[in-house]
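One letter stands for each residue in the lines below.
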Amino acid sequence: QTKIKRGFTRMLKICGALFLLSGCIGYGISVSNNLQSAINEVKEFVYMYQLLRSAISYQKETLPDACRHAGEKIDSSLGCLLRTISEGMEKDRQNTFSHMWKTAGNEYFSKSFLSKKQKEYILRFPDYIGFSDENMQILVIDEYLSTLSGQLSEMEKKIVERKRVIMGVSAVSGMILTILLL
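Here the structure is a predicted model, which is why all the values come from computation and not from measurement. (Residues numbered from 1 in each chain as written. Predicted model: local features only at pLDDT ≥ 70, side-chain atom pairs only at ≥ 80, totals over all residues. Heavy atoms only, no water.)

**Q** So what's going on with the packing of aromatic side chains? Residues and values would help.
**A** Per the stated rule, a full pass over the model turns up 11 aromatic pairs. Ring centres of tyrosine 121 and tyrosine 144 lie 4.3 Å apart, and the angle between their planes is 25 degrees; on these two criteria the pair is classed as stacked. With tyrosine 121 in helix H5 (residues 116–123) and tyrosine 144 in helix H7 (residues 134–181), this pair connects stretches of sequence that are 23 residues apart. When its relative accessible area of 15% is taken as the criterion, tyrosine 121 is described as buried. Exposure remark for tyrosine 144: the relative accessible area of 2% places this residue in the buried category. Both rings, one in phenylalanine 125 and one in tyrosine 144, keep their centres 5.1 Å apart while their planes meet at 75 degrees; by these two values the pair is edge-to-face. Of this pair, phenylalanine 125 sits in helix H6 (residues 125–129) while tyrosine 144 sits in helix H7, placing them 19 residues apart in sequence. A relative accessible area of 0% places phenylalanine 125 in the buried class. Taken together, the ring pairs in this structure connect Phe45, Tyr49, Phe97, Trp101, Tyr108, Phe109, Tyr121, Phe125 and Tyr144 into an aromatic cluster. (Phe/Tyr/Trp six-rings, centres within 6.5 Å; stacked < 30°, edge-to-face > 60°. Helix = DSSP H or I, 4+ residues; strand = E, 2+ residues; numbered from the N terminus. Buried < 20%, exposed > 50% of the residue type's maximum accessible area, 1.4 Å probe, protein only.)

**Q** An account of the packing of H5 against H7 is needed here, citing residue identities and associated values.
**A** Each pair of packed helices can be summarised by the angle the axes make with each other and by the distance between the axes. Relative orientation of the contacting elements H5 and H7 amounts to 165 degrees, with a least axis distance of 12 Å. Classed by the angle they form, the pair H5 and H7 counts as roughly antiparallel. Relative to H7, the crossing made by H5 is left-handed. Across from Gln118, Tyr121 and Ile122 in H5, the residues of H7 making contact are Glu143, Tyr144, Thr147, Leu148, Gln151 and Met155. The class makeup of the residues in the contact of H5 with H7 is 5 nonpolar, 3 polar and 1 charged. (Axes fitted to C-alpha atoms, helices over the stretch in contact; angles between N-to-C directions. Parallel < 35°, antiparallel > 145°, perpendicular 65-115°, else oblique. Left-handed = near helix turned anticlockwise from the far one by under 90°. Contact = heavy atoms within 4.5 Å. Nonpolar A, V, L, I, M, F, W, Y, C, P; charged D, E, K, R; others polar.)

**Q** Summarise the state of the cysteines; cite the residues concerned and give the values.
**A** As used here, a disulfide is simply a covalent bond connecting the sulfur atoms of two cysteines. Going through the model one piece at a time under the given rule, you end up with 0 disulfides. The thiol of cysteine 67 is unpaired, and the distance to the nearest cysteine sulfur, on cysteine 80, comes to 13 Å. (Disulfide = S-S within 2.5 Å.)

**Q** Please give an account of the nonpolar core that cites residues and values.
**A** In terms of nonpolar packing, the biggest core is built from 42 residues, with Phe45, Tyr49, Trp101 and Phe125 touching the most fellow members. Mapped onto this core, the elements with two or more residues apiece are helix H1 (2–57), helix H2 (63–73), helix H3 (77–91), helix H4 (97–109), H5, H6 and H7. Tallying contributions element by element places H1 first for this core, with 11 residues. (Core = buried A, V, L, I, M, F, W, Y, C linked by side-chain atoms within 4.5 Å.)

**Q** Describe in detail the packing of H4 against H5, supporting the description with residues and values.
**A** Put simply, H4 and H5 touch, their axes get as near as 10 Å, and they point 160 degrees apart. Here H5 runs roughly antiparallel to H4, going by the angle between their axes. Where H4 crosses over H5, the two elements pack in a sense that is right-handed. Residues Trp101, Lys102, Gly105, Asn106 and Phe109 of H4 form the contact with H5, whose own contacting residues are Lys119, Ile122 and Leu123.

**Q** Just give me the short version of a positive patch on the surface, but keep the residues and values in it.
**A** Taken together, the side chains of Lys3, Arg6, Arg10 and Lys13 make up a positively charged region of the molecular surface. As for its position among the elements, lysine 3 is in helix H1. (Patch = residues over 30% accessible without salt bridge, like charges linked within 9 Å, V, L, I, M, F, W, Y side chains within 5 Å. Areas by Shrake-Rupley, 256 points an atom, 1.4 Å probe, with all protein chains shown as cover. Salt bridge = Lys/Arg side-chain N within 4 Å of Asp/Glu carboxyl O. Lys, Arg positive; Asp, Glu negative; His and termini not counted. Charge placed at Lys NZ, Arg CZ, Asp CG, Glu CD.)

**Q** Provide a residue-level description of a nonpolar patch on the surface, including the pertinent values.
**A** There is a patch of nonpolar side chains on the surface, built from Val172, Ile176, Leu177, Leu180 and Leu181 and spanning about 500 Å² of accessible area. The topology assignment puts leucine 177 in helix H7.

**Q** Give a detailed account of the pattern of salt bridges, specifying residues and quantitative values.
**A** Counted by the stated rule, this structure contains 7 salt bridges. Between arginine 53 and aspartate 142 there is a salt bridge, with its nearest N and O atoms 2.4 Å apart. Of the two residues, arginine 53 sits in helix H1 while aspartate 142 sits in helix H7, which places them 89 residues apart along the sequence. By relative accessible area, which is 23% here, arginine 53 ends up partly exposed. Classification of aspartate 142 by relative accessible area gives partly exposed; the value is 27%. Across the pair glutamate 134 and lysine 60 runs a salt bridge, and its minimum N-O distance is 2.8 Å. Separated by 74 residues along the polypeptide, glutamate 134 in helix H7 and lysine 60 in the loop between H1 and H2 bring together distant segments of the chain. Given the relative accessible area of 28%, glutamate 134 is considered partly exposed. A single salt-bridge network, built from bridges that share partners, covers Asp65, Arg68 and Glu90.

Below, the structure is given as structure tokens:
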């Protein structure tokens, strides 16, 4: 009976070690996926700014109309954000673009994978575009496109290295914890 008890105890320790190791690796995978999600989000914002620029410069749309059309073309929560902004401005003409962007944007960014600095930068967008004429709006959008495109290329360069480091650290930490607990 004591042999069975020892064997069962060893089996539990081995199972626990495997669960601990797989949990650490799973956490590393989760963090890596968050990095990729942040890159995908920046790509969506770049696409959004391209759509807004096109609507304002070529189709001569107002900002609420440009937001609505861009929102219809984007099938993610960012599209929903743009449609919410457009609808809010059309329902109540006293709602400014800045007010709607910040109100709806705060809700959107509560679920975002972007860094705090990127969120703040994007939330400041209406401060520069809201009451400008068409040419100034295009210049502001071009500035945002340029900045976010630069951030995107930087993030894409670093992601492979970061993922490798994260996975290595999570696997090694899982092994160390397993050794310490056995």
